[in-house]
Amino acid sequence: MTPAARIAAAIEIIEEIEQGLKPADDVVRQWGRSHRFAGSKDRRAISERVYAVLRRRGLYAAAGNETPRALVMADLVLGEGQARDDVVALFSGEGHAPAPLDDDEQAVLSTLMAASGQDLPAYDVPDFLLPELTQAFGADLDDALAALDRPAPVDLRVNTLKVSREEAATILADAGIDTEPTPHSPIGLRVKGSHLITGTQAYKQGLVEPMDEGSQLAALAVEAEPGMQVLDMCAGAGGKTLAIAAAMDNSGQIYATDTDARRLGNLAPRMKRAGARNIQPLPWPQDASFEALNGKCDRVLLDVPCSGSGSWRRHPEQKWRVTPDDIERLTKTQSALLRSAAPLVKPGGRLVYITCSVLPAENEARIDAFLEAHPDFAPHSTPTGPRLAPHTHGTDGFFVVQLARVS
């Protein structure tokens with residue numbers, strides 16, 4: 001593909017992402033599948049362009065306008081320092097190049113050229129989130145948001161039901177994929193370079209699963225042990241459920257449920273691939289009550305729906321999709337789930353609250369309100385501490401709290 005054709009492809013992908021119907025990574029993957037003529041270097045260059053635009057979308061929009069074409073122009077000028085004539089040449093309309101710039105776009109380009117060479121801020125977030133982010137990070141705000149703006153590594157969780165971390169690393173190395181141990185998770189490997197992990201035999205045989213190190217640590221923080229009764233109340237597609245099954249060595253019982261039956265339906269084939277035999281998927285009851293489990297669970301895991309602000313490294317489009325109304329709705333849902341989960345924990349058991357958010361409104365504020373209303377629960381020490389973040393741990397942002405039900 002020519003450079004101009006890559007620009008046209010990036011614009012096409014951004015146009016679809018801007019519709020807000022699918023995650024950006026899904027759109028990028030689907031574009032690659034439907035354009036097989038694009039080589040690996042083409043797909044990588046296009047993907048890098050798309051994510052560069054998504055990460056700096058607010059700054060780029062402020063310097064020009066918010067059309068996908070203007071955002072890509074902004075990346076060419078502000079992100080790469082390209083000259084005006086070179087940008088105009090890329091938008092020639094010839095072959096597979098984007099259509100020529102119209103008069104309005106020429107004016108936008110002039111604005112961008114005037115701003116070229118100036119230092120851009122280290123981060124780019126919606127204004128309404130800044131007070132929450134400042135409260136979360138304090139003096140580390142610049143470092144934290146800059147880290148959330150950088151691409152994330154590819155981490156793998158080793159399935160210890162089948163293989164050790166050392167054995168998995170050797171198997172991947174034999175397939176031409178070099179890894180190194182994750183610095184904090186004892187069951188993780190970090191991939192060096194760019195590889196399609198889901199195409200490997202190690203993945204197909206259930207030896208490894210793509211999983212951010214922070215998510216691995218969150219699952220380990222449940223401290224589930226063989227023989228326990230565990231409920232994963234917001235299991236989604238079951239990533240943490242499978243990690244907990246391995247930690248329990250297939251002994252005991254894990255109940256996995258979610259309000260999204262479609263996502264939960266993805267768990268069965270993953271269980272088979274992983275060799276996990278102690279997981280029982282449960283349909284979500286209409287009254288959101290699990291009376292049969294009242295007071296019987298050693299652990300109840302609540303990986304609640306949240307803003308996803310801790311995963312901006314992987315999903316930068318999410319920071320431009322979330323609204324103040326979303327935060328209000330999500331915090332109500334989080335509090336409701338905490339109330340529903342509380343009676344399921346047996347005396348001496350623990351409720352484990354997890355978000356992939358860095359916002360105090362979804363984290364500390366929810367726990368403070370819960371503890372005030374539930375004196376039979378008390379904070380329990382968490383191995384990682386409550387907060388994980390890319391600038392401190394090199395992981396996605398997570399909030400993890402254990403609450404013990406006192407006898």
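Up top is the structure these notes are about.
Residues numbered from 1 in each chain as written. Predicted model: local features only at pLDDT ≥ 70, side-chain atom pairs only at ≥ 80, totals over all residues. Heavy atoms only, no water.

Peer 1: When you look at the overall build of the chain in this model, what are you seeing that I'm missing?
Peer 2: The number of helices and strands found in the chain is 18 helices and twelve strands. Computed over the C-alpha atoms, the radius of gyration of the chain is 23 Å, within 12% of the 22 Å expected from 2.2 N^0.38 for a compact globule of 407 residues. The C-alpha extent of the chain, read off along each of the three principal axes, is 75 × 50 × 40 Å. Sorting the 407 residues of the chain into buried and exposed places 51% on the buried side. Taking the 42 positively charged and 55 negatively charged side chains of the chain as two groups, their mean positions are separated by 7 Å. (Helix = DSSP H or I, 4+ residues; strand = E, 2+ residues; numbered from the N terminus. Rg over C-alpha atoms; globule rule 2.2 N^0.38 Å. Buried < 20%, exposed > 50% of the residue type's maximum accessible area, 1.4 Å probe, protein only. Lys, Arg positive; Asp, Glu negative; His and termini not counted. Charge placed at Lys NZ, Arg CZ, Asp CG, Glu CD.)

Peer 1: What exactly am I supposed to notice about the pairing of strand β12 (residues 398–405) here?
Peer 2: Side-chain direction in a regular strand flips from residue to residue, so the side chains alternate between the two faces of the sheet. Across the eight residues that make up β12, a large majority, seven, are buried. When strand β9 (residues 345–355) meets β12, the two strands line up antiparallel, connected through six bridges. Note on β12: the bridge partner recorded for R350 is A404. The pairing of strand β10 (residues 377–380) with β12 spans four bridges and is classified as antiparallel. (Pairing = 2+ DSSP bridges.)

Peer 1: Got a minute to help me understand a positive patch on the surface in this structure?
Peer 2: On the surface, a cluster of positive charge is made up of R33, R36, K41, R43 and R44. Take the positive patch: its biggest share by element is three residues, from helix α3 (residues 40–55). Here R44 shows up in helix α3. What makes R44 partly exposed here is its relative accessible area of 39%. (Patch = residues over 30% accessible without salt bridge, like charges linked within 9 Å, V, L, I, M, F, W, Y side chains within 5 Å. Areas by Shrake-Rupley, 256 points an atom, 1.4 Å probe, with all protein chains shown as cover. Salt bridge = Lys/Arg side-chain N within 4 Å of Asp/Glu carboxyl O.)

Peer 1: Hey, could you run me through the packing of helix α12 (residues 213–220) against helix α13 (residues 239–247) in this one?
Peer 2: For any two helices packed against each other, the geometry is given by the interaxial angle and the distance between the axes. Relative orientation of the contacting elements α12 and α13 amounts to 55 degrees, with a least axis distance of 9 Å. Between α12 and α13, the angle is such that the two are oblique. The two elements α12 and α13 cross, and the hand of that crossing is right-handed. Across the interface between the two elements, S215, A218 and A219 from α12 touch K240, A243 and I244 from α13. (Axes fitted to C-alpha atoms, helices over the stretch in contact; angles between N-to-C directions. Parallel < 35°, antiparallel > 145°, perpendicular 65-115°, else oblique. Left-handed = near helix turned anticlockwise from the far one by under 90°. Contact = heavy atoms within 4.5 Å.)

Peer 1: Got a minute to help me understand the side chain of R157 in this structure?
Peer 2: Relative to the helices and strands, R157 is located in strand β1 (residues 155–158). Buried charge R157 goes without a salt bridge, the closest partner of opposite sign being E209 at 5.2 Å. The residues touching R157, leaving out its near neighbours within four places in the chain, are I187, L207, V208, E209, M211, Q216, G239, L242, A243 and A246.

Peer 1: Even after reading the chapter, I still don't get unusual backbone geometry, so can you show me in this structure?
Peer 2: Negative phi characterises most residues that are not glycine, and trans characterises most peptide bonds. Its identity is not glycine, yet E223 carries a phi of approximately 55 degrees, on the positive side. On the basis of relative accessible area, E223 is assigned to the partly exposed category, the value being 29%.

Peer 1: Sorry if this is basic, but what is going on with the sheet that holds strand β4 (residues 208–210) here?
Peer 2: A sheet is described by the order of its strands in space; here four strands give the open sequence β2-β3-β1-β4, paired in antiparallel fashion. If you trace the sheet from one side to the other, it starts and ends with β2 (179–181) and β4, each paired once. Sheet twist, expressed as the mean angle between neighbouring strand axes with direction ignored, is 35 degrees. As paired elements, β1 and β4 share three bridges and run antiparallel to each other.

Peer 1: When you look at the packing of aromatic side chains in this model, what are you seeing that I'm missing?
Peer 2: We describe a pair of aromatic rings using the distance from one ring centre to the other and the angle between the two ring planes. Tallied over the entire structure, the rule returns three aromatic pairs. Between W284 and F290, the ring centres sit 5.3 Å apart and the planes meet at 85 degrees, which makes this aromatic pair edge-to-face. Here F370 and F377 contribute two aromatic rings whose centre-to-centre distance is 5.3 Å and whose plane-to-plane angle is 65 degrees, an arrangement assigned as edge-to-face. Each of the two residues, F370 as well as F377, counts as buried. Here K319 stacks its cationic end above the ring of W312, 5.8 Å away from the centre of that ring. (Phe/Tyr/Trp six-rings, centres within 6.5 Å; stacked < 30°, edge-to-face > 60°. Lys NZ or Arg CZ within 6 Å of the ring centre and 35° of its normal.)

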